[in-house]
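Secondary and tertiary structure notes
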Amino acid sequence: MAGNEADGKPGGATDRAEEFMRQALRLARVALKRDEVLVGSIVVYRGRVVGEGIEGVQDEKDLTAHAEIKAIKEACHSLDTFCLRGCELYTTVEPCFMCSFVIRSAGISRVVIGKAVSYIGGVSSRHPIPVDSGIPDWPRPPVIVSGVLEKECKEPFAR
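Bear in mind that the values here come from a model prediction, so they are computed numbers and not experimental data.

The strands making up a sheet associate through hydrogen bonds between their backbones, and the pairing can be parallel or antiparallel. One open sheet accounts for five strands, arranged β2-β1-β3-β4-β5; its pairing is mixed. Among the strands making up the open sheet, the edge pair consists of β2 (48-54) and β5 (143-146). Going across the sheet, the axis of each strand differs from the next one's by a mean of 15 degrees, ignoring polarity. Of the pairings in the sheet, the one linking strand β3 (residues 87-93) to strand β4 (residues 110-115) comprises five bridges and is parallel in character. Among the inter-strand pairings, Tyr90 is bridged to a residue of β4, identified as Val112.

Structure below.
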């Protein structure tokens, strides 16, 4: 866990982490059925899901069709803004560098991760984009919560 506030929750954050991670896991299972990387992501604002994403790189033949990016795009459309301050992102697998850049740029307040990926993850690798406080003119780093339903998020990878 990195960057926690006193109670670990920014304004509007919830204690429903496992519930929302289960929703992300359901999306990840859809990705599995499509022969995609097993990633599902949701964006939550004030306890309500405002964006969902299912990994789609192979199916859509689009290198940017990551679950996190898709969930963030949908949230931006739902909320009619590109500033997602006060939003939480739940994702079954640690966001990559590209997704981490978008998360940070959007100003997402909290990121909840199921399975860490230290070799390419944007949080736990040598390049912690979401939590680097030395990047000028960017929104403040989000609260990071890692390991929520970790066993369930790792399970499909063991096959």
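If you look at the biggest cluster of nonpolar residues, it comprises 17 residues, and the most contacted ones within it are Met21, Ile42, Tyr90, Val112 and Val148. For this core, the secondary-structure elements that each account for two or more residues are α1 (17-33), β1 (40-45) and β5. When residues of this core are assigned to their parent elements, the largest contribution, seven residues, is made by α1. Each residue touching Val112, except ones within four places of it in the same chain, is listed here: Ala17, Met21, Leu89, Tyr90, Thr91, Val145 and Val148. Within the second largest apolar cluster, 16 residues are counted, among which are Val43, Leu89, Val111 and Val123.

Moving on, we come to the packing of helix α3 (residues 67-79) against helix α4 (residues 97-106). Two numbers describe how α3 lies on α4: the axes approach to 9 Å, and their chain directions differ by 25 degrees. For the element pair α3 / α4, the angle class is roughly parallel. Crossing of α3 over α4 shows left-handed handedness. Contacts between α3 and α4 involve Glu68, Ile69 and Ile72 from the first element and Met98, Cys99, Val102 and Ile103 from the second. Grouping the amino acids of the contact of α3 with α4 by side-chain chemistry returns six nonpolar, no polar and one charged.

Calculation criteria
Position labels on residues start from 1 in each chain and follow its written sequence. Since the coordinates come from a predicted model, pLDDT governs what is reported: local features require at least 70, and pairs of side-chain atoms require 80 or more to be given and counted, while whole-chain, interface and lining totals use all residues. Hydrogens and water molecules were not included; the side-chain quantities draw on all heavy atoms of the structure. Two strands qualify as a pair provided that DSSP identifies no fewer than 2 bridges between them. Think of it this way: any DSSP run of H or I at least four residues long counts as a helix, any run of E at least two long counts as a strand, and we number them from the N terminus. Lines are fitted to the C-alpha atoms to define the axes, a helix being fitted only along its stretch in contact, and any angle between axes, read from their N-to-C directions, falls within 0 to 180 degrees. Each nonpolar core is a collection of buried residues, namely Ala, Val, Leu, Ile, Met, Phe, Trp, Tyr and Cys, held together in the definition by side-chain atoms within 4.5 Å. Accessible area is worked out with a 1.4 Å probe on protein chains only. A residue is then buried under 20% of its type maximum, exposed over 50%, and partly exposed in between. In what follows, a contact means two residues having at least one pair of non-hydrogen atoms within 4.5 Å. If an angle is under 35 degrees, it is roughly parallel; if it is over 145, roughly antiparallel; if it lies from 65 to 115, roughly perpendicular; otherwise it is oblique. Take the far helix as the reference: if the near one is turned anticlockwise from it by less than a right angle, the crossing is left-handed, and if turned clockwise, right-handed. Ten residue types, Ala, Val, Leu, Ile, Met, Phe, Trp, Tyr, Cys and Pro, are classed as nonpolar, four, Asp, Glu, Lys and Arg, as charged, and the remainder, Gly among them, as polar.

All we've got here are geometric facts, nothing functional implied.
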